Amino acid sequence: MDVSVDFICGAALYVTRKVIDGIVQDLHRDPNTALESVYIGERKKKALTVDVTAQRSFRAYLEGYHGGKIKAKFLGEETLRDPNLNLSASSGVHCLIDPVDGTDLVERGLSNWCSATVFFDPARPSGNKILAAFVGIPTGEIYYACNGNAGALLNLRGKKTHGPVGGPSSVTRLVKSSLCFYGQKPKNLLSIVPLLNRLNEKHSESKDEFRIYNLGGIPMMMKMIDHRVKHSRGIDAIIELDTQKVHDVVAGAYIAKKAGAIMRRLSGDDITYSDLENALLTPSKEMEPYILASTKDLSTEILSLLNESKKLTVATISVNKKCVFSECDRQHLVSADANVSMPHEILDLVKNVTWGNSSERCNNCKKDVQSETTFRPLPSMGIDRLD
């Protein structure tokens with residue numbers, strides 16, 4: 001490597017600041033152009049103009065820094081076109097950039113987005129492949145951590161000084177915590193329901209102290225590790241129950257771990273620096289689900305409740321069809337359509353739900369028939385009816 005880690009840190013801070021300020025200015029001066037959709041490569045991957053502009057700007061600023069001393073191989077979120085890319089045999093400085101992490105939020109005028117970058121060298125020894133990571137957010141803060149330096153640091157807009165982040169909270173119990181997860185899509189939102197129901201069952205008397213926010217990812221990681229006012233509430237844990245792209249995780253996870261956060265798989269095993277490095281070697285792949293928490297005790301309780309919530313209840317779907325007119329008292333019972341397996345908390349939510357009227361006619365009076373769908377456990381399991 002021709003340049004030092006300290007030199008890379010100085011360059012990345014400069015470039016991240018320029019790119020973040022440029023994105024904010026583009027959105028303010030010409031939002032119509034900045035938010036215009038574009039389609040990249042043969043896959044026709046959708047992006048916004050601001051995505052492409054920011055990526056090109058990052059590369060141009062870094063290549064021009066001090067006469068182009070950093071000879072980096074760029075891997076942009078918008079240009080990772082090879083799904084089988086493997087960098088295990090590569091060497092030299094590599095730069096994985098996601099200049100606009102949270103494009104959907106930018107498009108909707110929300111501010112929970114960031115610019116995330118990781119510098120790494122695949123040829124370095126295990127545990128030392130990551131050189132530095134940087135996260136800039138639109139309010140002006142840049143969070144970063146460098147190989148060889150303890151802790152995570154913070155630089156504010158207009159300030160030459162750099163100081164340590166506030167660090168994670170000391171919260172150890174879920175009922176006293178603030179939890180974040182990515183929940184903007186229905187699939188992700190529903191994934192958290194079993195955990196919340198188990199929490200409510202076990203700690204209903206304390207539920208008013210618990211808060212959950214359906215925003216996750218790298219921006220919330222930075223909020224979690226910068227808990228400055230110790231007597232106030234902060235973000236204490238982030239869970240991701242689905243896979244995520246490498247560029248959506250590693251920069252924030254590296255900084256968070258440097259700040260003292262606990263990162264674990266859903267199996268309970270720790271996610272190490274070497275694990276993050278291995279993910280960078282196949283940057284087009286996805287990372288496994290994880291828990292990132294302020295304390296080990298808090299992560300353990302979340303894992304325990306997640307495991308409890310995975311217990312399944314086998315149920316029978318029954319459909320009762322009856323005439324809607326009082327003068328016809330005939331009721332036609334249809335046998336069970338199917339057996340289904342689902343978490344018992346979701347079963348509790350959907351039991352005895354009615355889905356409107358069917359288009360069928362009563363065999364007796366020839367008028368409309370109403371269909372009611374209910375869920376109940378299989379009698380063979382010896383479980384009491386839920387309805």
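Residues numbered from 1 in each chain as written. Predicted model: local features only at pLDDT ≥ 70, side-chain atom pairs only at ≥ 80, totals over all residues. Heavy atoms only, no water.

**Here's the deal with the overall build of the protein chain**
Reasoning step 1: Across its full length, the protein chain holds 11 helices and 20 strands.
Reasoning step 2: Looking at the protein chain as a whole, 49% of its 387 residues qualify as buried.
Reasoning step 3: If you take every contact in the protein chain between residues at least 6 apart in sequence, the share linking residues at least 24 apart comes to 66%. (Helix = DSSP H or I, 4+ residues; strand = E, 2+ residues; numbered from the N terminus. Buried < 20%, exposed > 50% of the residue type's maximum accessible area, 1.4 Å probe, protein only. Contact = heavy atoms within 4.5 Å.)

**What to know about the packing of aromatic side chains**
Reasoning step 1: If you walk through the whole model with that rule in mind, you get 6 aromatic pairs.
Reasoning step 2: When the ring of F134 is compared with that of Y144, the centres are 5.6 Å apart and the planes differ by 10°; the resulting orientation is stacked. Here F134, found in strand β6 (residues 130–136), pairs with Y144, found in strand β7 (residues 142–146); they are 10 residues apart in sequence, far enough to count as distant. Summarising the burial analysis for this pair, F134 and Y144 share the class buried.
Reasoning step 3: Chaining the aromatic ring pairs together yields one cluster made of F7, Y14, Y61 and Y65.
Reasoning step 4: Over the ring of Y273 we find K257, and its NZ or CZ is 4.9 Å from the ring centre. (Phe/Tyr/Trp six-rings, centres within 6.5 Å; stacked < 30°, edge-to-face > 60°. Lys NZ or Arg CZ within 6 Å of the ring centre and 35° of its normal.)

**Here we look at the state of the cysteines**
Put plainly, a disulfide is one covalent bond tying together the sulfur atoms of two cysteines.
Reasoning step 1: In total, this model carries 1 disulfide according to the counting rule given.
Reasoning step 2: Here C9 connects covalently by a disulfide to C146, the sulfurs 2.1 Å from one another. Highlighted residues: C9 in helix α1 (residues 5–29) and C146 in strand β7, separated in sequence by 137 residues.
Reasoning step 3: Residue C146 is classed as buried on the basis of its relative accessible area of 4%. (Disulfide = S-S within 2.5 Å.)

**Focus: the packing of helix α8 (residues 250–258) against helix α9 (residues 273–281)**
Working note: a packed helix pair is described by the angle between its axes plus the distance between those axes.
Reasoning step 1: Between α8 and α9, the shortest axis-to-axis distance is 11 Å and the interhelical angle comes to 165°. Classified by the angle their axes make, α8 and α9 are roughly antiparallel. The chirality of how α8 crosses α9 is left-handed. In contact with V250, A253, Y254, K257 and K258 of α8, α9 contributes Y273, L276, A279 and L280.
Reasoning step 2: Of the residues assigned to the contact of α8 with α9, the class counts are 7 nonpolar, no polar and 2 charged. (Axes fitted to C-alpha atoms, helices over the stretch in contact; angles between N-to-C directions. Parallel < 35°, antiparallel > 145°, perpendicular 65-115°, else oblique. Left-handed = near helix turned anticlockwise from the far one by under 90°. Nonpolar A, V, L, I, M, F, W, Y, C, P; charged D, E, K, R; others polar.)

**Some thoughts on the layout of surface pockets**
Using a probe with the size of a water molecule, rolled over the atoms, empty space left in the structure can be pinpointed.
Reasoning step 1: Looking at the second largest pocket, its volume works out to about 230 Å³.
Reasoning step 2: In terms of lining residues, the second largest pocket is bounded by S111, N112, W113, I137, P138, T139, E141, Y143, P219, M222, K223 and D226.
Reasoning step 3: Ranked by residue count, the leading element in the lining of the second largest pocket is helix α7 (residues 217–224), at 3 residues.
Reasoning step 4: Each residue belonging to the lining of the second largest pocket can be placed in one class, and the counts come to 6 nonpolar, 3 polar and 3 charged. (1 Å grid on protein atoms, 1.4 Å probe; cavity = no way out; pocket = protein on both sides within 12 Å on 5 of 7 lines; lining within 4 Å. Points joined across faces, edges and corners; volume = space filled by probe spheres on them.)

**Considering the pattern of salt bridges**
Reasoning step 1: Following the criterion strictly, the structure yields 9 salt bridges and no others.
Reasoning step 2: Here R265 and D275 are joined by a salt bridge, their closest N and O atoms 3.1 Å apart. Highlighted residues: R265 in the loop between β14 (262–264) and α9 and D275 in helix α9, separated in sequence by 10 residues.
Reasoning step 3: Classification of R265 by relative accessible area gives buried; the value is 18%.
Reasoning step 4: Take D275: its relative accessible area is 21%, and that puts it in the partly exposed class.
Reasoning step 5: Counted as one network, the salt bridges with shared partners bring together R265, D275 and E288. (Salt bridge = Lys/Arg side-chain N within 4 Å of Asp/Glu carboxyl O.)

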